Structure formats: structure tokens, C-alpha cells
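# Inside the fold
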Amino acid sequence: MNEKLKEKVKESLSSVLPITVIVLILSVALVPLEIGTLALFLTGAVLLIIGMGFFQLGAEVAMTPLGQGVGGRLVKSNSLPFILLLCFLMGAIITISEPDLQVLANQVAAIPNPVLIWTVAVGVGVFTAVAFLRIYFKINLGLLLTGLYILLFLLSFFTPSDFVAVAFDSGGVTTGPMTVPFIMALGVGLSAARSDKDSANDSFGLVALCSVGPILMVLLLGIFYHPEEAVYTSVEVPAIETTRDVVRQFVQAIPQYAEEVLMSMLPVAGVFVLFQILTRTYRKRQVLRMSVGLLYTYLGLVLFLTGVNVGFAPVGSLLGGGLADGMLKWILIPIGMVIGYYIVKAEPAVQVLNEQVEDLTGGTVSHKMMNAALSIGVACAVALAMVRVITGLNIYWILIPGYILALIFSRFVPPVFVGIAFDSGGVASGPMTSTFLLPLAMGACTAVGGNVVTDAFGVVALVALAPLIAIQIMGLIYVRRSKAVVQPAQPLSDDIVIELEEE
């Protein structure tokens, strides 16, 4: 396990190092930072790297087998109402445990944190049950998503404009490092129990549907909670004079995040204990291994959130304000593209999804292919987000054409790519997006005198939209290349071979 941990930490280092170098270059060339602030950022980067390593190992050892075990047992139950109730409870419990949701709730001044969190949790719970029904009745994912997004956009016209971007952001942050490993594995367990030719395709799509639930519920909430009085509080950088001050900031923050993560992990640990007592699914050795995995997950999330919130978020806000304050504000667009390209690689849940995609497609969709497509897509999304910050462009002008294009693509690519694409949209917008890109956009929006609620919020939603298009374009290219050759260079899973033969 030590060797495995070293491997995960090295992966984290390769993910976080580019964004760290970008910030260092910007701090020298365009936005000079005080030495104390820079030390705060670098210390946060170190904690981020170590935390991601522990988290990814913990998710692999504990969350994935737990989700698969629960999913497999649920399908064997003969009571459909009982299964739906459990799906609802599991979705809601895991969502309340999601750290990303806490970050967004703190930024939305119009609604009390518990109200927003419980609203989102109910949305995820309901759509976890809907996701099971889709697998159970073999409903086409593309058609279902088309109907749901039409409903979302129709409903959004009755929601206050200041609240639309927040609603779509909530769909992105819900599927973060805690939720994705469990939900992805739950989908694998549910579909594997069917044992038919479409089961692998249907293992994807749970994250996509669980992203729709929060948007729907928050839009409904927005009709009753009017956010005209919303006030944005900018992130403040503490005064740092010595290295001791740097250490003190992190030491003082660790207990807070340790408590938050503990409260988030307790329901998950409770599900694990209760599931094992009732089903005896896992042997003693595996129970011990999964218990250690939960401990690794806890430790990783504490270090990750401490590093991101104490070191990354304040610097992101400072950089945004510094870049937008002056004649060179348009430079935010290319800089945003570079940051977006690399920041998605630092998302823990993205790496979890990429590995599961590679396994389930038999290497057809490789880890590198997923990373490249996601990075390019998110780079374009962040560029559009910076355009919105500078110009005040209404988010509808991007969201509506973007989702129409994504849904059109879904009619021409194999179903497995549709599920992967919409799941990727949920996982791409994780902690790094909500705690670095969102403060960056807010700082820039404040500097140009824009409306933070309408112009800065929405960056998470755009990041979540980009993979829907990028991954499906990759699917179209793959299908075209596969038809052009008799013997594909890469091994194909049985499900994809069947789909291509049928076409």
C-alpha cells in the first residue's frame, strides 16, 4: 500500500505542478504577490498534493468497492419501492458529505447554508432513484437527458435571473470527490447485476442524472427565495510576516476542516458498517482494507481542503482582481484558458472517473485520451467564463446552445460515450474549480465593477458543460476511425463492438 501511495502522490504532483508554475509566473510578470502570500500558496500546494494522493488511494480502496457492493445487492432485492427508497437515502447522505457543496453554500448569501444543502441533497437523492429506474427499465440516456434539460431551461425562465447561474453551479459542485467514486461504483454494481449486452453502457450516466437533480431543485427554490439582497464577501488574505505565520494559518484551519470532513464521513462510514452487518458481503481482510481506505480518504480530504481553502482560494481572488484591474483585462481570457487546461487534471474525482472509464472500456478510452479531451474542453469553458466576467454576457447565450449541441451529439455517438461525457461534466467541476476558479472570477468581476451574482457565478456550470461536448467529439472521431479500419489498433470491449456492428 505504501508503494501505491507513492504512485498516487506522484500523480498528484504531476497534476498540481503546472497550475503552481502558472501562478508563480503570473506573480512575477503581471500580479506581484507579497512573499508571505506566495509562501501561503506554496504551502497549500504541498498539502494539496499529499491530500490528493491519500484521497485517491482511499477512494480506490474503500469507496469504489462499497458502491459496487451496495449496487449489486440493491438489484437482487425484489421490492422496487424499497430499492428506490434506499437509492434516495444513499444519494442524499453522500451529497450532504460533499465538501464542494459547503464551499458553494458559503458563497451564496441569499439562502441559508442548511436550506441550500438540504435542497441539493434532496435533488441528488431523487435522481439517484431516477438513475436506478433508467438502468432497471433500460431507458435511453440521451432521450432522458434531452427531456430533463428542456424542462430545466423552461423552469429557469420562471426563476429570478440572479439565481440561474447559482442553480447550474450547484449541479456541478454536487458531484465532487466524495460523491463521484461512490456513485460511479454504484452504477457499475447496478448494471453488472443485469448481465446483458447493454449493462456496461448503463453503468455510466448516474453522475449525469445526479447533476440534474440539484439544478432542478435549486431552480424551484429560487422561485420562492428571491436573491436581490445577496451580498458577495470577498476572500481576504491574512497578514503574513514570518514563516511561523504561514504555519499558524494552516494549523488553525486544520481543526475546522477535520471536523467538517468528519461530519461528512460519518454517514458514509455508517452506511459501510450497517451494510456489512446486514449482508456480510466483505470478508474480514477486505473489511480491514476498506476501513484503512476510509481513514486515507478522511486524511486526504482534510489536507486537500485545508490546502485549497487556505492557500489557493485567497490567491485566486487576488490574481483575478489584479489581472482585471487595468488596461490588460482581456489577458484574462488566454490566462483563463491555460489555467483551465491544467486545473482539471488536479481534480481528484476526474482521476477516479478516468480510471474507471479505462477499465470498463477495456482500454478503448484511455486515461490519457480522457485527460486530453477534458483539458481542452475545460480550457475553452474557462475562456468563455472570463468573457462573461469582462462583458457581462448573459449565461443563457452559452448554456442553451451548448446543451443543444451536446444533446444533438448524443444521437450520433455510441451510448457508452454519451454516459461518459455527461458523467465527465459532473466530475470536471470539483474542488479546484469552486475554490480557485470561482474566486478568480469573483475577484476579476469585482475589479471590473460587474455583478458578481450574475457574471462570476456560472463558471462552475460552464466547466461542467465543456466535457459534454469534448468527450462526444472524441466519440465521433473514435467511431469514424473504427469504421475506417478492419482491425482496430486498440482492444474493444464486447459492448462497443456490438454497437459498431449494429451501426
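Cut-offs and rules
Residues numbered from 1 in each chain as written. Predicted model: local features only at pLDDT ≥ 70, side-chain atom pairs only at ≥ 80, totals over all residues. Heavy atoms only, no water. Helix = DSSP H or I, 4+ residues; strand = E, 2+ residues; numbered from the N terminus. Buried < 20%, exposed > 50% of the residue type's maximum accessible area, 1.4 Å probe, protein only. Areas by Shrake-Rupley, 256 points an atom, 1.4 Å probe, with all protein chains shown as cover. Phe/Tyr/Trp six-rings, centres within 6.5 Å; stacked < 30°, edge-to-face > 60°. Axes fitted to C-alpha atoms, helices over the stretch in contact; angles between N-to-C directions. Parallel < 35°, antiparallel > 145°, perpendicular 65-115°, else oblique. Left-handed = near helix turned anticlockwise from the far one by under 90°. Contact = heavy atoms within 4.5 Å. Nonpolar A, V, L, I, M, F, W, Y, C, P; charged D, E, K, R; others polar. 1 Å grid on protein atoms, 1.4 Å probe; cavity = no way out; pocket = protein on both sides within 12 Å on 5 of 7 lines; lining within 4 Å. Points joined across faces, edges and corners; volume = space filled by probe spheres on them. Patch = residues over 30% accessible without salt bridge, like charges linked within 9 Å, V, L, I, M, F, W, Y side chains within 5 Å. Salt bridge = Lys/Arg side-chain N within 4 Å of Asp/Glu carboxyl O. Expected span 1.5 Å × (residues − 1).

The name given to the chain in an unreviewed UniProt entry is DUF1538 domain-containing protein, and the organism recorded there is Candidatus Flavonifractor intestinipullorum.

### Side note on the overall build of the chain
Across its full length, the chain carries 21 helices and zero strands. For the chain, the residues scored as buried account for 59% of the 503 residues in total. With an accessible surface of roughly 20000 Å², the chain has 66% of that area assigned to carbon and sulfur atoms.

### Concerning the packing of aromatic side chains
Describing an aromatic ring pair means giving the distance of the ring centres and the angle of the ring planes. In this structure the tally under the stated criterion is 12 aromatic pairs. Aromatic side chains Phe-54 and Tyr-296 sit 5.3 Å apart centroid to centroid with 75 degrees between the ring planes, which places their arrangement in the edge-to-face category. Of the two residues, Phe-54 is situated in helix H2 (residues 35–76) and Tyr-296 in helix H12 (residues 284–324); the sequence distance between them amounts to 242 residues. In this structure, Phe-54 and Tyr-296 share a single accessibility class: buried.

### Structural notes on the packing of helix H5 (residues 113–137) against helix H10 (residues 206–224)
Where H5 contacts H10, the two axes come as close as 7 Å, and the packing angle between them is 140 degrees. By the criterion of interaxial angle, the relationship of H5 to H10 is oblique. Between H5 and H10 the crossing geometry is right-handed. Across the interface between the two elements, Val-115, Leu-116, Thr-119, Val-120, Val-122, Gly-123, Val-124, Phe-127, Thr-128, Ala-131, Arg-134 and Ile-135 from H5 touch Leu-206, Leu-209, Cys-210, Val-212, Gly-213, Pro-214, Leu-216, Met-217, Val-218 and Leu-221 from H10. Tallied by class, residues from the contact of H5 with H10 come to 17 nonpolar, four polar and one charged.

### Re empty space enclosed by the protein
With the rule as written, the count across this model stands at four cavities of 30 Å³ or more. Roughly 110 Å³ of internal volume is contained in the largest cavity. Along the wall of the largest cavity there are 14 residues; nearest its centre are Tyr-149, Ser-211, Tyr-403, Gly-425 and Ala-464. When residues of the lining of the largest cavity are traced back to their parent elements, those giving at least two are helix H7 (161–174), H10, helix H17 (415–428) and helix H20 (459–484). Class assignment of the residues belonging to the lining of the largest cavity gives a composition of nine nonpolar, five polar and no charged.

### Overview of the side chain of Lys-8
Structurally, the position occupied by Lys-8 is in helix H1 (residues 2–29). The exposure class assigned to Lys-8 is buried, which follows from its relative accessible area of 2%. In this view, Lys-8 contacts Gly-53, Gln-56, Leu-57, Glu-60 and Glu-355; residues no more than four positions away in its chain are not counted.

### Regarding a nonpolar patch on the surface
A contiguous nonpolar surface patch, about 340 Å² in accessible area, is contributed by Leu-13, Leu-17, Val-21 and Ile-25. Looking at where Ile-25 falls in the secondary structure, it is placed in helix H1. Its relative accessible area of 52% is what places Ile-25 among the exposed residues.

### Thoughts on the pattern of salt bridges
Tallied over the full model, the rule gives four salt bridges. Between Glu-3 and Lys-6 there is a salt bridge, and its shortest N-O distance comes to 3.7 Å. Of this pair, Glu-3 and Lys-6 both sit in helix H1, three residues apart, roughly one helical turn. Among the residues examined, Lys-6 registers a relative accessible area of 49% and is labelled partly exposed. For the salt bridge of Asp-245 with Arg-248, the shortest nitrogen-to-oxygen distance reads 2.6 Å. Here Asp-245 pairs with Arg-248, and both are found in helix H11 (residues 243–279), just three residues apart, close to one helical turn. Sharing partners across several salt bridges, the network here consists of Lys-4, Lys-8 and Glu-60.

### Regarding the environment of Ala-346
Relative to the elements of secondary structure, Ala-346 occurs in the loop between helix H13 (332–343) and helix H14 (348–360). Exposure remark for Ala-346: the relative accessible area of 0% places this residue in the buried category. It is 5.5 Å that separates the C-alpha atoms of Ala-346 and Val-16, two residues lying 330 residues apart in sequence. Leave out the neighbours within four places in its chain, and Ala-346 touches Ser-15, Val-16, Met-52, Phe-304 and Met-432.

### Thoughts on helix H15 (residues 367–391)
The first and last C-alpha atoms of H15 sit 36 Å apart over 25 residues, in line with the 36 Å expected at 1.5 Å per residue. With its phi angle positive at about 75 degrees, Gly-392 sits one or two positions after the end of H15.

### Thoughts on unusual backbone geometry
Positive phi values are uncommon outside glycine, yet Lys-138 reaches one of about 55 degrees. Structurally, Lys-138 is set in the loop between H5 and helix H6 (141–156). Phi at Arg-280 is positive, roughly 50 degrees, even though this residue is not glycine. Structurally, the position occupied by Arg-280 is in the loop between H11 and H12. Classification of Arg-280 by relative accessible area gives exposed; the value is 63%.

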